[in-house]
Amino acid sequence: MAKKDSRNTGKTNKSKTEKTSTKAVPSKGGKTVVRDDSAGETETADSEKENTQYMTLEEELTLYRNFMDEKDSDKREAAWKELSEKFERFIRWIVKRCLSERSQYTRTDLTQDAVLKEELWQYGEAALYKAVLKYDPDSRTKLTTFSRLWIFYDVRDELDFRLDPSGIKFPQGYHGRMTQVELPDDLVFEQDTEVHMPKTAKPLGEYSAERLTLQLLETLRLCSDKENPVSTKKLKEDLQNYLLHKHNNNTEQMEDDRTLNKRLAEMILELGGNKLIVNDENYFGKIGADKEKPVKPVKKAPKIKSMYYNHLFDRETMDSLIQAVCASDAFSAEDKNRIVGKLISTMSSHYYNPLWKNGEVRFDPKGISGRYGNRRHLTENIKIIQKAINHNAQIRFRFNRYNEKGELVPTRGKYIHETSPYHIVCYGDNFFLVGMERNSDEVKHFRIDLMTDVAIRTYEETGRYIPIEYTGISDKELLRDYWDPEKYLSEHAYMGYGKPEKTVFKVSRKEPTIYTLFREWFGDHFEVAEDPNDPDSLLIAVNITSYGACQFALQNYDKVKVLNKDVRKEIAKAVNELNKKYGKTQS
């Protein structure tokens with residue numbers, strides 16, 4: 001029986017004649033929120049009728065039971081196909097509602113974006129699949145009602161991400177963002193360097209108030225951080241240095257201290273006190289402002305003794321990011337230089353990392369990625385596959401092997417694989433796609449570096465993405481909400497196909513490295529028990545494919561013994577082949 005979910009709202013339909021401006025509904029996390037009808041959150045009587053006319057409760061229950069029948073794959077496939085068709089109109093209606101609601105914030109009619117509508121519909125269909133797995137037929141709640149919030153929240157969350165990847169929700173009527181002023185890569189300030197006027201520098205005069213504000217902000221970003229705060233006096237010196245380097249302007253005084261202090265106070269208030277930090281707990285009180293609600297214009301501001309620009313990453317985090325990029329085998333040497341350079345550019349000029357000097361990574365990236373040659377082929381494949389996964393779309397590709405010249409050649413001639421991609425995993429030194437071939441119930445693994453001509457599948461008539469297939473997935477753990485890559489890789493050691501089965505290995509309790517061995521291969525996913533027939537031995541059970549169990553036993557023949565009969569037969573076949581190849585050992 002499926003477990004009830006917090007989004008199972010029971011009977012939530014309101015009377016068609018009821019008139020109200022707000023209503024309370026359960027949110028995705030189970031909390032109750034109030035929604036405004038004027039924002040498009042409620043339906044009219046006609047729209048409610050339009051979206052509940054598909055099936056009766058008994059018809060839904062029949063399809064649900066057929067879909068959950070794992071013994072009959074044909075019945076399951078037919079049930080999902082009918083469910084998908086019946087709910088398509090319902091999902092598209094929810095997509096239209098979400099697009100209409102968000103249109104008021106973007107001042108763009110999102111409902112006219114056909115590509116976006118199709119992509120959101122695919123997300124809605126994936127949400128329906130999850131809702132069906134969570135549905136409790138004994139609740140007597142219609143599947144349409146139960147799945148409604150699942151679909152609505154998944155579609156809306158994806159739409160919000162598309163509209164604003166940073167996660168910042170702008171108020172209605174907001175038209176744009178302030179862009180940063182870019183500087184040349186070689187623009188670096190030394191903390192204690194005096195300002196020396198270049199021979200060609202000229203007094204070009206003062207800048208507008210608006211431009212000066214941006215120049216001050218950029219100077220603070222480049223010349224200050226938590227470990228290197230600046231005073232008003234030091235900021236003026238750094239600003240002069242900035243103008244010399246970027247504009248060749250040697251105008252010494254841009255504005256008087258009183259005006260500068262007031263301008264800085266306005267900048268601090270506008271940024272909420274989170275981007276520009278003043279090392280004075282009483283600063284907001286001195287300028288007559290509330291730190292939490294800085295809305296009043298500043299009339300008078302004190303001189304600042306210590307302030308700094310609060311960068312996106314602190315030094316410890318930046319060190320970790322750069323180390324992760326340098327030590328990764330997913331990027332080429334050129335990509336590592338480019339990425340680390342971008343990361344460094346977000347810090348102040350005081351930041352130093354031993355892995356970066358003079359615009360280049362000092363850590364030899366070929367020490368990790370060198371044996372693969374050009375990694376751009378791999379990274380481009382990963383980008384396309386991940387995009388398909390994000391859009392719930394199928395992909396097509398050729399699978400290859402290397403020939404004697406080190407060239408990739410197709411393994412099956414002109415055959416094109418058509419696959420529903422679910423996840424990308426890293427096993428050993430290679431990246432693998434976990435996906436299901438079209439018209440197949442078997443989940444397979446493909447080395448991504450051996451794939452060529454990778455593309456997202458689209459319909460010829462409309463050009464929209466072909467949605468991935470969920471039918472045939474008997475293991476819900478492949479779905480994103482249940483995905484545990486560590487557990488999956490432990491169950492599919494050596495990236496073997498097939499369904500994992502419980503396999504028992506007999507080991508000596510006197511072997512000092514046995515726990516290290518099993519933890520290295522299976523993490524926490526194994527169970528240890530006493531051997532009732534041998535006090536000197538232990539029994540360790542793991543879930544693993546037959547192929548993986550055979551390979552593990554052969555590789556560690558001196559430490560483990562398999563007890564499962566079927567696996568022992570496969571090992572015996574492998575041993576016989578080894579005997580034929582190398583000859584029987586003499587006793």
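Structure: above.
Now for a look at the structure at hand.

Rules and cut-offs
- Residue numbers restart at each chain and count upward from 1, following the sequence in its written direction.
- pLDDT decides what is reported in this predicted model: residues at 70 or higher carry local features, side-chain atom pairs at 80 or more are listed and counted, and totals for whole chains, interfaces and linings draw on all residues regardless.
- To obtain the side-chain values, all non-hydrogen atoms of the structure were included, while hydrogens and water were left out.
- For two strands to count as paired, DSSP must find a minimum of two bridges between them.
- Every helix listed is a DSSP run of H or I at least four residues long, and every strand listed is a run of E at least two residues long, numbered separately from the N terminus.
- As used here, the term nonpolar core means buried Ala, Val, Leu, Ile, Met, Phe, Trp, Tyr and Cys residues forming a set that is joined through side-chain atoms within 4.5 Å.
- Burial classes: relative accessible area under 20% of the type maximum marks a residue as buried, over 50% as exposed, and values in between as partly exposed (1.4 Å probe, protein chains only).
- Two residues qualify as a contact provided that any one of their heavy atoms is within 4.5 Å of a heavy atom in the partner residue.
- Between the rings of Phe, Tyr and Trp (Trp by its six-membered ring), a pair exists once the centres lie within 6.5 Å; its type follows the angle of the planes, with under 30 degrees stacked, over 60 edge-to-face, and the other angles tilted.
- By definition, being over a ring means that NZ of Lys or CZ of Arg is both within 6 Å of the ring centre and within 35 degrees of the ring normal.

### Focus: the pairing of strand E11 (residues 443-447)
Then step 1. Where strand E10 (residues 430-437) lies against E11, five bridges are found, and the strand directions are antiparallel. Each residue of the ladder has a partner; that of Val434, found in E11, is His445.
Then step 2. Taking the residues that link successive antiparallel strands as the turn, the E10-E11 hairpin has five residues, and the phi of Asn439 there is positive, at about 60 degrees.

### Concerning the nonpolar core
Then step 1. Membership of the largest hydrophobic core comes to 43 residues, with the highest contact counts inside it found for Phe67, Leu83, Phe87 and Ile151.
Then step 2. Elements supplying a minimum of two residues to this core: helix H2 (57-67), helix H3 (73-106), helix H4 (114-134) and helix H5 (143-163).
Then step 3. Broken down by element, the residue count for this core peaks at 11 residues, all from H3.

### Brief notes about the side chain of Arg457
Then step 1. By secondary structure assignment, the location of Arg457 is in the loop between strand E12 (451-456) and helix H14 (485-491).
Then step 2. On the basis of relative accessible area, Arg457 is assigned to the buried category, the value being 14%.
Then step 3. Excluding residues within four positions of it along the chain, Arg457 makes contact with Gln394, Ile395, Arg396, Glu418, Arg438, Arg464, Tyr465 and Ile466.

### Description of unusual backbone geometry
Then step 1. A positive phi is found at Tyr494, a non-glycine position, where the angle reads about 65 degrees.
Then step 2. Here Tyr494 is to be found in the loop between H14 and strand E13 (501-508).
Then step 3. Positioned with a positive phi, Met495 is a non-glycine residue whose angle comes to about 55 degrees.
Then step 4. Here Met495 is to be found in the loop between H14 and E13.

### Things to note about the packing of aromatic side chains
Then step 1. The full count for this structure, using the stated rule, is 21 aromatic pairs.
Then step 2. Considering the side-chain rings of Trp80 and Tyr129, the 5.1 Å spacing of their centres and the 80 degrees angle between planes classify their relative orientation as edge-to-face. Residue Trp80 is located in helix H3, and its partner Tyr129 is located in helix H4; the two are separated by 49 residues in the primary sequence.
Then step 3. In this structure Tyr129 comes out as buried when scored by relative accessible area, which is 1%.
Then step 4. Among the aromatic residues, those joined into a cluster by ring pairs are Tyr494, Phe505, Phe518, Trp521, Phe522, Phe526 and Phe552.
Then step 5. In this arrangement the basic side chain of Arg92 is found over the ring face of Trp121, its NZ or CZ atom lying 4.6 Å from the centre.

### A few points about the pairing of strand E14 (residues 527-530)
Then step 1. Relative to strand E15 (residues 537-544), E14 runs antiparallel, the two sharing four bridges. In the strand pairing of E15, Val528 is matched with Ile540.
Then step 2. Connecting the antiparallel pair E14 and E15 is a turn made up of six residues.

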